[in-house]
Amino acid sequence: MGYKTIIEDDIDVLIAGAGLGGTGAAFEARYWGKDKKIVIAEKANIDRSGAVAQGLYAINCYMGTRWGENNPEDHVRYARMDLMGMVREDLAFDMARHVDSAVHQFEEWGLPLMKDPKSGKYMREGRWQIMIHGESYKPIVAEAAKKSADKVFNRICVTHLLMDDAKENRIAGAVGFNVRTGNYHVFKSKTVICGAGGASNIFKPRSVGEGAGRVWYAPWSSGSAYGLMIEAGAKMTQMENRIVLARFKDGYGPVGAYFLHLKTYTQNGLGEEYESKWFPKLTEMVGKEYLDTEGQHLSHKPIPTCLRNHAFISEVNAGRGPIHMVTMEAFQDPHLEEIGWHNFLGMTVGQAVLWAATDVDPKYENPELTTSEPYVMGSHATGCGAWCSGPEDVSPDDYYWGYNRMTTVDGLFGAGDAVGGTPHAFSSGSFTEGRLAAKAACKYIDDGKAEGIRVSEQQIADLKKKIYKPLETYKVYSNEIVGGSVNPNFINPRQGLDRLQKLMDEYCGGFGVNYMTNEKLLQIGLKKMKTLEEDMEKIAASDIHELLRAWELNHRVRTSESVFQHTLFRKETRWPGYYYRGDAMKLDDQNWHVLTVSHRDRKTGEYTMEKAPLYHLVGDE
Amino acid sequence: MPTFVYMTRCDGCGQCVDICPSDIMHIDKTLRRAYNIEPNMCWECYSCVKACPHQAIDVRGYADFAPLGHSVRVLRDEEKGTIAWRIKFRNGKKDMDLLAPITTKPWGTAIPKLAEESAPSNDMRDGELLFNEPKYVRMDEGGLHTLESNGLKLKEGVYY
């Protein structure tokens, strides 16, 4: 095949994926690495890529320490409670103590943050959220990244990380192809910061046909963060902790501003409050420590996201759906009405399109809500991702191996969705993690840890062959049949994706089975995953665009396998409302108050699972 | 679905192709105009709609749940620093104009070039501070939070 090989050599810091995490990394890397070569490889166009491509109407992680609003440890406790205890609190504390400095810089760069006219403080939506006019959030942070980077390669789908041939378990760069020209790109680099995204579209979505793109997380979030890092042999953590979102039906428009700022609330189909009646039974499942309805009421602690989902799902199953968001009261106030619409236009335009199409005016009608299909990611109310080192001054020995946000592969760092155990980072926290990773990566190089890296011609040639194989497969077999998409020798990426989504849904706890699974189902699912993986060798692409989809699917499959392994390992129901282990329906702190950590052997593909201890922030006294 | 392109307005300039995060806006080789090649991978994110210099791209809601006859149009202006929306309901009863700022500064001027900042000291390199810190954390003279400063420790075990 006539694609050129283009080698970019002598890179110090390669950023693979430039969403909020990657742009933070690129920006900060220049400060610590004045003379270092900083290069970005981005699958789309950095101005509109990643989960924030469309914009945001809120920054969901801001402490407000300058006004004495919160301390970092307050946020850690909040994240701990929301995630039923399962948080890397060293990483969470570290993110929270730095995050405000990112937000203050955003304001300086021109991001319109709303302010309370009386106090002059940022307008709070909730305790952690501030409201912004964030349509151009991504182009603004992209500008910062572009000013720092030596080169930005747009439209490069990074498919694999390069490994050092001189030293075991050390990173040496990345490879991929240009989705326009088809050319093969090799990035030889001393360090890689993986800023790639989490995974939408691995569980069967509720939408069908044309609407399959209306997923909650961006359809281009292809689990590449996990696909790339698992393939490189990095350990992963909390991959079972998928998230299910309660959102406006079909459009998946956000509900945060509605709940917190507009003070709308939910009710069942009969117009009744329904949540609290599920709590006594739920307390039996998870224990009083996690849901103490009376105590929680007194302490004003929010109910964990998954448990609120549980009440939603249970109420619908009891036949009292649909669940409505009561907007008719708030929307009588024209100012609040405007905010309600702006909120969608700023981050989920599709919801505004849907209400316009179905004549739903929330002023006169309470819109329906739904629970979404599950998603695997690490920056919202969930913490899937790589097992990373924390900062020196915070982390206990079990969580520390020299460089902040470095994975278990030397020289491979993570930010945003890529880092595990750090929920509730959101956009600002992901950007902050990128900055932390960039500083650490520069130090890693300055400490001489990246000396003597060697990448063999063989490795480069082998990966090239692998990358273009789907085009070759298509060429060889497509003429064997008269036409159409049914071929006995290959499947196309869409067919593969359909198969993945169906088996994830049915065996790993998707919406189609009410988020329920058990050991038997997971074992069958893993068996089916194995044959899917065999068929992935026979995936075919008719053109470069389809080749992009083929490699996105590869990353989704790698992610899904890990989700299966982790879900099988954790024999308890830790997050009712996210998923249920039918064979272990209770939360089990005796055996499972731990983080799950997996390792996939690069050569054999075998998984080993282990439990890692949980450390919690406690007062000194 | 998503996005579609009006035949008479598109001149095939490729701005939408350049910006689409999902790589689904492509140029039709015969007609030399853009179109959405993969509607079920469209997020209705409006990146292409905003980027089109001729307002040739529009969105028709996903066919599996959105009835025909609605419209959500947008004009984004970097020079003015604003974005203007118009939402029209299917039944014609609602027709809203909404305006929001997209930036508070002339585009791209307020972002520092870190290559030109003075280099950090070795102390800073070995410590926990990032660029502009500690100043930008609290906007006062206070330092960075640590376990020590906040009276905390990390303890193994089951705590809530």
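Assigned secondary structure in chain A consists of 17 helices and 20 strands. Expected size for 621 residues packed as a compact globule is a radius of gyration near 25 Å; at 23 Å, chain A falls within 12% of this value. Overall, chain A is about 65 × 60 × 50 Å in size when its C-alpha atoms are taken along their principal axes. Counting all 621 residues of chain A, 62% fall into the buried class. A separation threshold of at least 6 residues defines the contact pool for chain A, and within that pool the share at least 24 residues apart is 77%.

Right, let's talk about the domain arrangement of chain B for a bit. Under the domain assignment, chain B is made up of domain 1 (3-101) and domain 2 (112-152). Using only C-alpha atoms to locate each centre, domain 1 of chain B and domain 2 of chain B end up separated by 43 Å.

Residues and elements named next belong to chain A. For the pair helix α3 (residues 89-109) and helix α12 (residues 426-446), interaxial distance at closest approach is 8 Å and the crossing angle is 105°. Between α3 and α12, the interaxial angle falls into the category roughly perpendicular. Touching D94, M95, H98, V99, A102 and V103 of α3 are S428, G429, F431, T432, E433, R435 and L436, all from α12. Of the residues that constitute the contact of α3 with α12, the class distribution is 6 nonpolar, 4 polar and 3 charged.

Glancing now at unusual backbone geometry. The omega torsion across A:G321 and A:P322 is -10°, close enough to zero to call that bond cis. With respect to the secondary-structure elements, A:P322 resides in the loop between α9 (305-317) and β12 (324-326). Backbone torsion omega between B:E133 and B:P134 reads 5°, so that peptide bond is classified as cis. Secondary-structure assignment places B:P134 in the loop between α3 (122-126) and α4 (135-138).

Let's shift gears to the interface of chain B and chain A. Listed as interface residues are 77 residues of chain B and, on the opposing side, 85 residues of chain A. Among the secondary structure elements, those contributing two or more residues to the side of chain B that touches chain A are α1 (15-19), β5 (71-77), β6 (82-88), β7 (95-101), α4 and β8 (152-156) of chain B. Here the element with the most residues in the side of chain B that touches chain A is β8(B); it accounts for 5 residues. Looking at the side of chain B that touches chain A residue by residue, the class counts come to 44 nonpolar, 15 polar and 18 charged. Here strand β20 (residues 615-619) of chain A runs beside β8(B); their pairing, made up of 5 bridges, is antiparallel. Within β8(B), the position partnered with A:L617 by the bridge is B:L154.

Another aspect to go through is the nonpolar core. A general trend in soluble globular proteins is that nonpolar side chains are found buried together. Judged by nonpolar contacts, the single largest core of 234 residues is most densely connected at A:I40, A:I193, A:C194, A:M229, A:L412 and A:A441. Among the elements that make up this core, the one with the highest residue count is α12(A) (10 residues). Here this core gathers at least three residues from each of two domains, domain 1 (3-101) and domain 2 (112-152) of chain B. Those residues in contact with A:L412 that lie beyond four places of it in its chain are A:L161, A:I171, A:V192, A:C194, A:M229, A:A232, A:A234, A:M406 and A:T407.

Before going further, it helps to spend a moment on the pairing of strand β3 (residues 33-36) of chain B. Each regular strand shows side chains that alternate between the opposite faces of the sheet. Residues and elements named next belong to chain B. Burial along β3 is one-sided: A34 and N36 are buried, while R33 and Y35, pointing the other way, are not. Taken together, the 4 bridges between strand β2 (residues 25-28) and β3 define a ladder with antiparallel strand orientation. Note on β3: the bridge partner recorded for H26 is Y35. Counting the residues that bridge the hairpin from β2 to β3 gives 4 residues, and of these R32 lies at a positive phi of roughly 55°.

It is worth spelling out the packing of helix α1 (residues 20-32) of chain A against α12(A) at this point. Residues and elements named next belong to chain A. Interaxial distance between α1 and α12 falls to 7 Å at its minimum, and their mutual angle equals 40°. Classed by the angle they form, the pair α1 and α12 counts as oblique. Crossing geometry of α1 relative to α12 is assigned as right-handed. Here α1 contributes L20, G21, G22, T23, G24, A25, F27, E28, A29 and W32 to the contact with α12, which in turn contributes S427, S430, F431, T432, E433, G434, R435, A437, A438, K439, A441 and C442. Partitioning the contact of α1 with α12 into residue classes produces 10 nonpolar, 8 polar and 4 charged.

Moving on: the confidence of the model for chain B. Of the residues in chain B, 99% have a pLDDT of 70 or more, and the chain-wide mean is 95. Scoring of the predicted complex yields 0.98 for pTM and 0.97 for ipTM.

Another aspect to go through is the environment of A:Y78. Residue and element names in this part refer to chain A. Considering the arrangement of structural elements, one finds Y78 in helix α2 (residues 72-82). The class for Y78 is buried, based on 20 C-beta atoms found within 10 Å. When the C-alpha atoms of Y78 and G21 are compared, they prove to be 22 Å apart, with 57 residues separating the residues in sequence.

It is worth spelling out helix α13 (residues 457-477) of chain A at this point. All names here are of chain A. For α13, with 21 residues, the first-to-last C-alpha span of 29 Å sits near the 30 Å given by 1.5 Å per residue. If you look at α13, its biggest bend is around 50°, right at K469, and the proline P470 turns up within four residues after that. Next to the buried residues of α13 lie β6 (156-163), β7 (171-178), β8 (184-194) and α16 (544-569).

Here the focus is helix α5 (residues 224-231) of chain A. One turn of an α-helix holds 3.6 residues; hence residues three or four places apart share an orientation. Residue and element names in this part refer to chain A. Buried residues dominate α5, accounting for 7 of its 8 residues. Of the residues making up α5, those classed as buried are S224, A225, Y226, G227, L228, M229 and I230. G233 lies just past α5 and shows a positive phi near 90°.

What counts, and where the lines are drawn
- Residues numbered from 1 in each chain as written.
- Chains lettered and ligands numbered in written order.
- Predicted model: local features only at pLDDT ≥ 70, side-chain atom pairs only at ≥ 80, totals over all residues.
- Helix = DSSP H or I, 4+ residues; strand = E, 2+ residues; numbered from the N terminus.
- Rg over C-alpha atoms; globule rule 2.2 N^0.38 Å.
- Buried ≥ 20, exposed ≤ 12 C-beta atoms within 10 Å, placed from the backbone.
- Contact = placed C-beta atoms within 7 Å.
- Domains from an automatic or database assignment.
- Axes fitted to C-alpha atoms, helices over the stretch in contact; angles between N-to-C directions.
- Parallel < 35°, antiparallel > 145°, perpendicular 65-115°, else oblique.
- Nonpolar A, V, L, I, M, F, W, Y, C, P; charged D, E, K, R; others polar.
- Pairing = 2+ DSSP bridges.
- Core = buried A, V, L, I, M, F, W, Y, C linked by C-beta atoms within 7 Å.
- Left-handed = near helix turned anticlockwise from the far one by under 90°.
- pLDDT = per-residue confidence, 0-100.
- Expected span 1.5 Å × (residues − 1).
- Bend = angle between axes of the 7 residues up to and from the residue.

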